[in-house]
Protein chains: 2
Amino acid sequence: MADKKIFLGEEFIPTQWYNLNADFPTPMPPPLHPGTGKPPSPEDFAPIFPMNLVEQEMTPARWVDIPEEVLGIYKMWRPTPLYRATGLEKALDYPGAIYFKNEGVSPPGSHKPNTAVAQAYYNKAFGVKRITTETGAGQWGSALAFACQQFGLECKVFMVRVSFEQKPYRRIMMMTWGADCVPSPTDTTEAGRKILAQDPDSPGSLGIAISEAIEMAVLRDDTRYSLGSVLNHVLLHQSVIGLEAKKQLEAIGDYPDVVIGCAGGGSNFAGLAFPFLADKIAGKDIHVIAAEPTSCPTMTRGPYGYDFGDTNQTTPLLPMHTLGHDFVPAPIHAGGLRYHGMAPMVSHAVNLGLVEPRAYDQIETFEAGITFARYEGFIPAPETNHAIAAVIQVAKQAKEEGKAKTILFNWSGHGLVDLAAYDAYLSGKLTRYELPEEEIQRALKALEGLPKIG
Amino acid sequence: MADKKIFLGEEFIPTQWYNLNADFPTPMPPPLHPGTGKPPSPEDFAPIFPMNLVEQEMTPARWVDIPEEVLGIYKMWRPTPLYRATGLEKALDYPGAIYFKNEGVSPPGSHKPNTAVAQAYYNKAFGVKRITTETGAGQWGSALAFACQQFGLECKVFMVRVSFEQKPYRRIMMMTWGADCVPSPTDTTEAGRKILAQDPDSPGSLGIAISEAIEMAVLRDDTRYSLGSVLNHVLLHQSVIGLEAKKQLEAIGDYPDVVIGCAGGGSNFAGLAFPFLADKIAGKDIHVIAAEPTSCPTMTRGPYGYDFGDTNQTTPLLPMHTLGHDFVPAPIHAGGLRYHGMAPMVSHAVNLGLVEPRAYDQIETFEAGITFARYEGFIPAPETNHAIAAVIQVAKQAKEEGKAKTILFNWSGHGLVDLAAYDAYLSGKLTRYELPEEEIQRALKALEGLPKIG
């Protein structure tokens, strides 16, 4: 039997990130300034992001050099191992090969530091002293805390209060890495005080936390804001995943027929899939699937239009599949997939027919995750379980059709800090949830009055 | 700069375990049967352990072949990476090299599966259908649950009730891997019922849980018991750690001056150190340090004598450093180091002057762990922090003496399921604790009436 896992030496870490924007057969619609209705200028972003990242957000270049300092930190856990899922293949009696890229080996346990480290580096290089951000369950906040520590930057995380209180583990990770993590809403920002005046016991929301983080960044010249998904430069940084996977498969003479990732904001999916989409655009026969929850079916059911990235309508308008900026997703355990929109680049790829979105109920995703944990050992994050549900579905169908397809998927993170979710599933406390049709009507309504695409 | 981490291909996983018993300059004292006062025969162990493991426990052979099936499972995470701790070196301004062997990359996150997988294999080969064990904080129980799942064995874990209720995460891991984990004391064993009759709300103890697990194993012919540390065959299985580390250092042309591990029962320390002790016995100049807590200072302060492995006096008498089988350690956060005795092989090595034991207070171990987490990224287990405290101490002293010693230590596991301990430290809730001298007098008293060594 071939090796169970494929490592490559550190010299095989890609030295450039890949930008799919250079290869789309038709270009993406631009973001729009909500005031002028025109594409924002780089200066419009200046109070929020450092200019070197704004340039990356807008670059048409196919390849962007990865700075030496970022590569140095990547080497803490990259290249991540590519595994042959022989246990899962056996459990499914699958005649083909199933591979997964294990992004759970990073210090915070997910793919998030691929961009957190890059963003911390560019902020530092621009002279920024402090980065603010928001976090829900804490995946992004912990990754940014780790990254800021590596570059000696202060890190201020506004964590949704209900998560701060109920999910202490990632908060403790942030503190261990020296970040200042506070329950949002706080009384230190205008946005927070406004909410607290209405409801002193507010449980908080991602929308409020974003507003607090942006407000603090805009007010101080030495401070900028950081976002963990959705934007072009975030997806760019994540491309190391797919670039490495390609090299690793090449080293053993294989190539995928199907590429799968779970998608919340879209960054881990894009990170694995985009370097393969480049081949698909060039003519390669390859099936790319993005797995999302039925409770937050942005791509499978949400309309495509211009919408705000946050509840409080402070961001530029982004062209994306969206359930509306006022959408409140059900409290499923895959916190990283509870976002109303989808990265503009992923949305565009879906519209061009390059990516097939599929939605899965959380019950079947945990079923898939338990199967994976029992046959492959490693316990996946609840988000990752959506990708695994898709893998199992694809493998079963291929087997029925007598095809031995090679499947590759992104194991975006481990579930060791999310075990309470497994407990809820194992003790029968989870229920099925399909988003009602009224919610789609509400989403369409939320987009009324906003510019249309095209 | 050299690579941050050293991987080797799966073909470099050792194919034999190393047994230090073949190389001790003077042989270890044998265990004794508490009834006869004589060394127990293999048959005495038969109701508890499968005979193939009993043979391994007693073997004088230097090398023992690792079965193919065990190697197949090891490949899920072995060889584990050897890291150059460049961040820590920089933080300490240390002129030498510091390496750590990252055993935290296994599915349960520690070194424990090295022996759990081997024990599950031998039980399966012997025809056993079910394995029982006890667990405190859950490190061992979760490793055995994972291993049993790989070989299709039932796994019954008696988890100390207070941990079952207060530390749910590893319990959920066990359930995810299909194990039956129950809070001990239970009403399903004589030992458990006896305790419950006296105290229906008993919080349980490791001693009670061991008694329940052994009772259930002895009563059923298809069931055996498994122990996660202390015994010879457990230390044998862990030798893969040191054997791999040697090959990895050899690949980059280095060799340690100092080897360090933390020691509770002794298995992770022995796993790294014993293959290097072989070289020391052969004349190599190498300093080997075992780090233990000041609250449970078995080697640094406990007498050396024959003692029981469990509170209820059901095991054979083992020749070891011990604080007495009735010792109740303080509730420090390094649950894996709260054991009254020390593996007979490690105790013997200490007595021969091959190993220097040092004790560290939990405050300084968490200080060391936070330093590590901030400069190396990965968050260590509270047990591992003891080894890190020793590393920092040794590095500082070497630097003062103008020596650039090469230090190697065992990073026995990650702390992602132990973050509550970091929270306690960061919020100033931990206190210093030195074991009072009366406790040593009590230990000596506990050994009175038991056979003496030599």
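Note that the structure is a prediction, hence the values are computed from the model and not measured.

**Thoughts on the pairing of strand 5 (residues 98-102) of chain A**
Residue and element names in this part refer to chain A.
Point 1. The element strand 5 is largely enclosed, with a buried count of 5 among its 5 residues.
Point 2. Looking at chain direction, strand 4 (residues 82-84) and strand 5 are connected through 3 bridges and run antiparallel. Considered in strand 5, the bridge of Arg84 is made with Tyr99.
Point 3. When strand 5 meets strand 15 (residues 407-411), the two strands line up parallel, connected through 5 bridges.

**A word on the relation of the copies chain B and chain A**
Point 1. Relative to chain A, chain B is turned by 180° and slid 0.0 Å along the rotation axis, the superposed coordinates differing by an RMSD of 0.0 Å. Taken together, these values place the two copies in the relation of a two-fold axis.
Point 2. Comparing contact sets, 98% of the residues at the interface of chain B also lie at the interface in chain A, consistent with an isologous, same-surface contact.

**Structural notes on the interface of chain B and chain A**
Point 1. At the junction of the two partners, chain B supplies 43 residues and chain A supplies 42 residues.
Point 2. Across the interface of chain B and chain A, roughly 3800 Å² is buried in total on both sides, 61% from carbon and sulfur atoms.
Point 3. The largest contributions to the chain B side of the interface with chain A come from B:Tyr169, B:Thr176 and B:Arg374, which together make up 18% of the buried area.
Point 4. On the surface where chain B and chain A come into contact, there are 4 salt bridges.

**Regarding the pairing of strand 6 (residues 130-135) of chain B**
Residues and elements named next belong to chain B.
Point 1. Burial within strand 6 is extensive, with 6 of its 6 residues counted as buried.
Point 2. Alternating residues of strand 6 divide into Arg130, Thr132 and Glu134 and Ile131, Thr133 and Thr135, and every residue in both groups is buried.
Point 3. Taking the sense of rotation as the criterion, the β-α-β connection linking strand 6, helix 6 (residues 139-151) and strand 7 (residues 154-160) turns out right-handed.
Point 4. Alignment of strand 6 against strand 9 (residues 223-225), held across 3 bridges, turns out to be parallel.

**Observations regarding the sheet that holds strand 8 (residues 180-184) of chain A**
Residue and element names in this part refer to chain A.
Point 1. Taken in spatial order, the 4 strands of this open sheet run 8-7-6-9, and their pairing is parallel. Here the strands that pair on one side only, and so sit at the sheet edges, are strand 8 and strand 9 (223-225). Taking each pair of neighbouring strands and ignoring which way they run, the sheet shows an average axis angle of 25°.
Point 2. Lying over the sheet, helix 10 (residues 206-219) contacts strand 6 (130-135), strand 7 (154-160), strand 8 and strand 9, oriented at roughly 170° with respect to strand 6.

**Observations concerning the packing of helix 5 (residues 113-125) of chain B against helix 6 of chain B**
Residues and elements named next belong to chain B.
Point 1. Packing of helix 5 against helix 6 leaves a shortest axis separation of 8 Å and a crossing angle of 45°. What the angle tells us is that helix 5 and helix 6 run oblique. The two elements helix 5 and helix 6 cross, and the hand of that crossing is right-handed. Touching Pro113, Thr115, Ala116, Val117, Gln119, Ala120, Tyr121 and Lys124 of helix 5 are Trp140, Ala143, Leu144, Phe146, Ala147, Cys148 and Phe151, all from helix 6.
Point 2. Grouping the constituent residues of the contact of helix 5 with helix 6 by class yields 12 nonpolar, 2 polar and 1 charged.

**A word on the confidence of the model for chain A**
Detailed conclusions should not be drawn from predicted coordinates in areas where pLDDT is low.
Point 1. Counting all residues, the mean pLDDT for chain A is 95, and 100% of those residues have values of 70 or more.
Point 2. Confidence estimates for the predicted assembly give a pTM of 0.96 and an ipTM of 0.94.

**Considering the packing of aromatic side chains**
Point 1. Within the structure shown, the criterion is met by 41 aromatic pairs over all chains.
Point 2. Note on A:Trp77 and A:Phe146: the rings are 6.0 Å apart at their centroids and 65° apart in plane angle, and the pair reads as edge-to-face. Here A:Phe146 lies in helix 6 (residues 139-151) and A:Trp77 lies in the loop between helix 3 (68-74) and strand 4, a separation of 69 residues in the sequence. Just as A:Trp77 is buried, A:Phe146 falls in that class too.
Point 3. Aromatic pair B:Phe49 and B:Tyr225: ring centres 6.0 Å apart, planes at 45°, arrangement tilted. Note that B:Phe49 is positioned in the loop between helix 1 (42-45) and helix 2 (51-58) and B:Tyr225 in strand 9, a separation of 176 residues in sequence. As far as the burial class goes, B:Phe49 and B:Tyr225 line up, both buried.
Point 4. One residue, A:Lys246, lies across the ring of A:Phe276, its end atom 5.7 Å from the ring centre.

**A look at unusual backbone geometry**
Point 1. With an omega of 10°, the peptide bond running from A:Ser184 to A:Pro185 counts as cis.
Point 2. With respect to the element layout, A:Pro185 can be found in the loop between strand 8 and helix 9 (190-198).
Point 3. Between B:Arg78 and B:Pro79 the backbone carries a cis peptide bond, its omega angle lying at -5°.
Point 4. Counting through the fold element by element, B:Pro79 comes out in the loop between helix 3 (68-74) and strand 4 (82-84).
Point 5. Although it is not a glycine, A:Asp93 sits at a positive phi angle of roughly 50°.
Point 6. With respect to the helices and strands, the residue A:Asp93 is situated in the loop between helix 4 (86-91) and strand 5.
Point 7. Given the relative accessible area of 54%, A:Asp93 is considered exposed.

**Examining the pattern of salt bridges**
All names here are of chain A.
Point 1. Under the criterion given, the structure shown has 42 salt bridges over all chains.
Point 2. Two residues, Lys4 and Glu376, come together in a salt bridge whose shortest N-O distance is 2.8 Å. Of this pair, Lys4 sits in the segment before strand 1 (5-6) while Glu376 sits in helix 16 (residues 362-376); the two residues are 372 residues apart in sequence, bridging distant segments of the chain.
Point 3. For Glu376, a relative accessible area of 1% translates into the label buried.
Point 4. A salt bridge links Lys101 to Glu244; the shortest N-O distance between them is 2.8 Å. Placement of Lys101 in strand 5 and of Glu244 in helix 12 (residues 240-251) is noted, with a sequence separation of 143 residues between them.
Point 5. For Glu244, a relative accessible area of 2% corresponds to the buried category.
Point 6. The structure contains a network of salt bridges with shared partners spanning Arg78, Lys101, Glu103 and Glu244.

**Side note on the packing of helix 18 (residues 419-426) of chain A against helix 8 (residues 168-176) of chain B**
Point 1. At a closest axis distance of 9 Å, the pairing of helix 18 of chain A and helix 8 of chain B adopts a crossing angle of 50°. Considering their axes alone, helix 18 of chain A and helix 8 of chain B lie oblique with respect to each other. When the axes of helix 18 of chain A and helix 8 of chain B are compared, the crossing they make is left-handed. Contacts between helix 18 of chain A and helix 8 of chain B pair A:Leu419, A:Ala420, A:Tyr422, A:Asp423 and A:Leu426 from the former with B:Tyr169, B:Arg171, B:Ile172, B:Met173, B:Met175 and B:Thr176 from the latter.
Point 2. Tallied by class, the residues present in the contact of helix 18 of chain A with helix 8 of chain B amount to 8 nonpolar, 1 polar and 2 charged.

**A few points about the domain arrangement of chain A**
All names here are of chain A.
Point 1. We note that the domain assignment places domain 1 (66-109 + 239-447) and domain 2 (113-227) within chain A.
Point 2. Relative to domain 2, the C-alpha centre of domain 1 lies at a distance of 25 Å.
Point 3. In this complex, domain 1 contributes 22 residues to the contact, which on the side of domain 2 involves 20 residues.
Point 4. Between domain 1 and domain 2, roughly 1800 Å² of surface is buried when both sides are summed, and carbon and sulfur atoms account for 65% of that area.
Point 5. Broken down residue by residue, the surface that domain 1 buries against domain 2 is led by Ile73, Pro108 and Val417, which jointly contribute 28%.
Point 6. Here Asp418 makes a salt bridge to Arg170, at a shortest N to O gap of 3.0 Å.
Point 7. Linking domain 1 with domain 2 are 5 residue pairs in polar contact (both at pLDDT 80 or more).
Point 8. Contributing elements (two or more residues each) for the side of domain 1 that touches domain 2: helix 3 and helix 12.
Point 9. Classifying every residue of the side of domain 1 that touches domain 2 gives 11 nonpolar, 5 polar and 6 charged.

Cut-offs used in this document
Residues numbered from 1 in each chain as written. Chains lettered and ligands numbered in written order. Predicted model: local features only at pLDDT ≥ 70, side-chain atom pairs only at ≥ 80, totals over all residues. Heavy atoms only, no water. Buried < 20%, exposed > 50% of the residue type's maximum accessible area, 1.4 Å probe, protein only. Helix = DSSP H or I, 4+ residues; strand = E, 2+ residues; numbered from the N terminus. Pairing = 2+ DSSP bridges. Least-squares fit on C-alpha atoms with pLDDT ≥ 70 in both. Contact = heavy atoms within 4.5 Å. Buried area = accessible area lost by both parts, 1.4 Å probe. Salt bridge = Lys/Arg side-chain N within 4 Å of Asp/Glu carboxyl O. Right-handed = clockwise from strand over helix to strand, strands pointing away. Axes fitted to C-alpha atoms, helices over the stretch in contact; angles between N-to-C directions. Parallel < 35°, antiparallel > 145°, perpendicular 65-115°, else oblique. Left-handed = near helix turned anticlockwise from the far one by under 90°. Nonpolar A, V, L, I, M, F, W, Y, C, P; charged D, E, K, R; others polar. pLDDT = per-residue confidence, 0-100. Phe/Tyr/Trp six-rings, centres within 6.5 Å; stacked < 30°, edge-to-face > 60°. Lys NZ or Arg CZ within 6 Å of the ring centre and 35° of its normal. Domains from an automatic or database assignment. Polar contact = N/O pair within 3.5 Å; in protein donor to acceptor, adjacent residues only side chain to side chain.

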